[in-house]
Amino acid sequence: MINPWISLFLASLMEVFWTYSLKALNMQRIKDIDWLHSYAQPATLLPVLPLLAYVGFGLANVIFLSQAMRSIPTATAYSAWMALAVVGIKLVDVLYLKQSLSWQSVFFTALIIIGVLGLRRVDGAAVH
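Values in this document were obtained by computation on a predicted structure and should not be read as measured data.

J.: Explain the side chain of Thr109 here, please?
T.: Looking at where Thr109 falls in the secondary structure, it is placed in helix α5 (residues 103-127). A distance of 2.8 Å separates a polar side-chain atom of Thr109 from the backbone oxygen of Ser105. Setting aside residues no more than four positions away along its own chain, Thr109 makes contact with Val86 and Lys90.

As structure tokens, this is what we get:
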């Protein structure tokens, strides 16, 4: 069995991939596929790839997160998963999609992470 913290990291990574597969998904292009003649031109099926990625990354995300939650308290696992995913998405935006990065953006991303971790900590403390 994988270390629960590695499973949690992998779940966050899958969440990042899942998010961008959702961004790439274009249902209209899938609807426009000529399914009867697509065997002759397999390239016409390319619009289906983001849908397959969406399903695959979503399932992997759930599997890894559920494995992590078996050993890590739920509130801790969920908040860490979300914080890692937010950081991962921001990194992809800046490094791969070349979106601008400002100190304000870093500050507010940090606030999201702190807020999620703080809420989860308070929620976890209230249960005990």
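J.: Teacher, can you tell me more about helix α3 (residues 49-69) here?
T.: Three- or four-residue spacings in an α-helix give side chains the same orientation, since the helix completes a turn every 3.6 residues. Taking 1.5 Å of rise per residue, the 21 residues of α3 would be expected to cover 30 Å, and the 30 Å separating its terminal C-alpha atoms lies within 8% of that figure. Buried residues of α3: Pro50, Gly58, Ala60, Asn61, Phe64, Leu65 and Ala68, and no others. Contacts from the buried residues of α3 go to α1 (4-24) and α4 (74-95).

J.: I would appreciate a short explanation of the confidence of the model for the chain in the present structure.
T.: Detailed reading of the predicted coordinates is not advisable wherever pLDDT falls low. Here the chain shows a mean pLDDT of 88. Residues at 70 or above account for 95%. Taking the mean pLDDT of every element in the chain, the minimum, 77, falls on α5 and the maximum, 96, on α3.

J.: Is there a simple way to explain the packing of aromatic side chains in this structure?
T.: Two measures describe an aromatic ring pair: the distance that separates the ring centres and the angle between the ring planes. Enumeration over the complete set of coordinates arrives at 4 aromatic pairs. Between Phe107 and Phe108, the aromatic rings sit 5.1 Å apart at their centres with planes inclined by 70 degrees, giving edge-to-face as the arrangement. Taking the relative accessible area as the measure of exposure, Phe107 reaches 48% and is therefore partly exposed.

J.: Sorry if this is basic, but what is going on with α1 here?
T.: Counted at 1.5 Å a residue, the expected span for α1 with its 21 residues is 30 Å, and the 30 Å between its end C-alpha atoms agrees. Three or more residues of α1 are buried, namely Ser7, Leu8, Ala11, Ser12, Met14, Glu15, Val16, Tyr20 and Ser21. Where the residues of α1 are buried, they touch α3 and α4. Taking the backbone nitrogen of Trp5 as reference, a side-chain oxygen 2.7 Å away marks Asn3 as the first, capping residue of α1.

J.: Help me out: how do you make sense of the environment of Gly118 in this one?
T.: Tracing the sequence through the fold places Gly118 in helix α5. Gly118 sits 28 residues away from Lys90 along the chain, and the two C-alpha atoms are 20 Å apart.

J.: For this particular structure, what's the right way to read the nonpolar core?
T.: A general tendency of soluble globular proteins is for nonpolar side chains to be buried together. Counting 11 residues, the largest nonpolar core is built from Leu8, Ala11, Met14, Ala60, Phe64, Leu65, Ala68, Ile72, Ala77, Ala80 and Trp81. Taken together, the elements giving at least two residues each to this core come down to α1, α3 and α4. Looking at this core, the element that brings in the most residues is α3, giving 4 residues. Aside from chain neighbours lying at most four places away, what touches Ala80 is Trp5, Leu8, Ser12 and Leu117.

J.: In this structure, what is going on with a nonpolar patch on the surface? I would like to understand it.
T.: Side chains of Phe9, Leu13, Phe17 and Leu84 sit close together on the surface and give an oily, nonpolar patch of about 330 Å² of accessible area. No other element matches α1, which puts 3 residues into the nonpolar patch.

Basis of the calculations
Each residue is numbered by its place in its chain's sequence as written, counting from 1. Local features are withheld for residues below a pLDDT of 70 in this predicted model, meaning they are given only at 70 or higher, and side-chain atom pairs are given and counted only at 80 or more; totals for whole chains, interfaces and linings count all residues. Values shown for side chains rest on all heavy atoms present in the structure; no hydrogens or waters enter the calculation. For the purposes of this entry, the term helix denotes a DSSP run of H or I that reaches at least four residues, the term strand denotes a run of E that reaches at least two, and both are numbered from the N terminus. Contacts described as polar in this section are N or O atom pairs within 3.5 Å, which, within protein, must combine one atom able to donate a hydrogen with one able to accept it, while residues neighboring in sequence count only if both atoms come from side chains. We call two residues contacting when some pair of their heavy atoms lies within 4.5 Å. Any helix carries an expected span of 1.5 Å times its number of residues minus one. Accessibility here uses a 1.4 Å probe with only protein chains present; expressed as a share of the type maximum, an area under 20% marks a residue as buried, one over 50% as exposed, and anything in between as partly exposed. Confidence scores labelled pLDDT are given residue by residue by the predictor and lie between 0 and 100. Between 30 and 60 degrees the pair is tilted, below 30 it is stacked and above 60 it is edge-to-face, where a pair is any two Phe, Tyr or Trp rings, Trp via its six-membered ring, whose centres lie within 6.5 Å. Each nonpolar core is a collection of buried residues, namely Ala, Val, Leu, Ile, Met, Phe, Trp, Tyr and Cys, held together in the definition by side-chain atoms within 4.5 Å. Exposure above 30% relative accessible area and the absence of a salt bridge qualify a residue for a patch, where like charges join within 9 Å and nonpolar side chains (Val, Leu, Ile, Met, Phe, Trp, Tyr) within 5 Å. In these tables, accessible area is a Shrake-Rupley quantity obtained with a 1.4 Å probe, and a residue counts as shielded only by the protein chains included in the view. Should a side-chain nitrogen of Lys or Arg be within 4 Å of a carboxyl oxygen of Asp or Glu, the pair is scored as a salt bridge.

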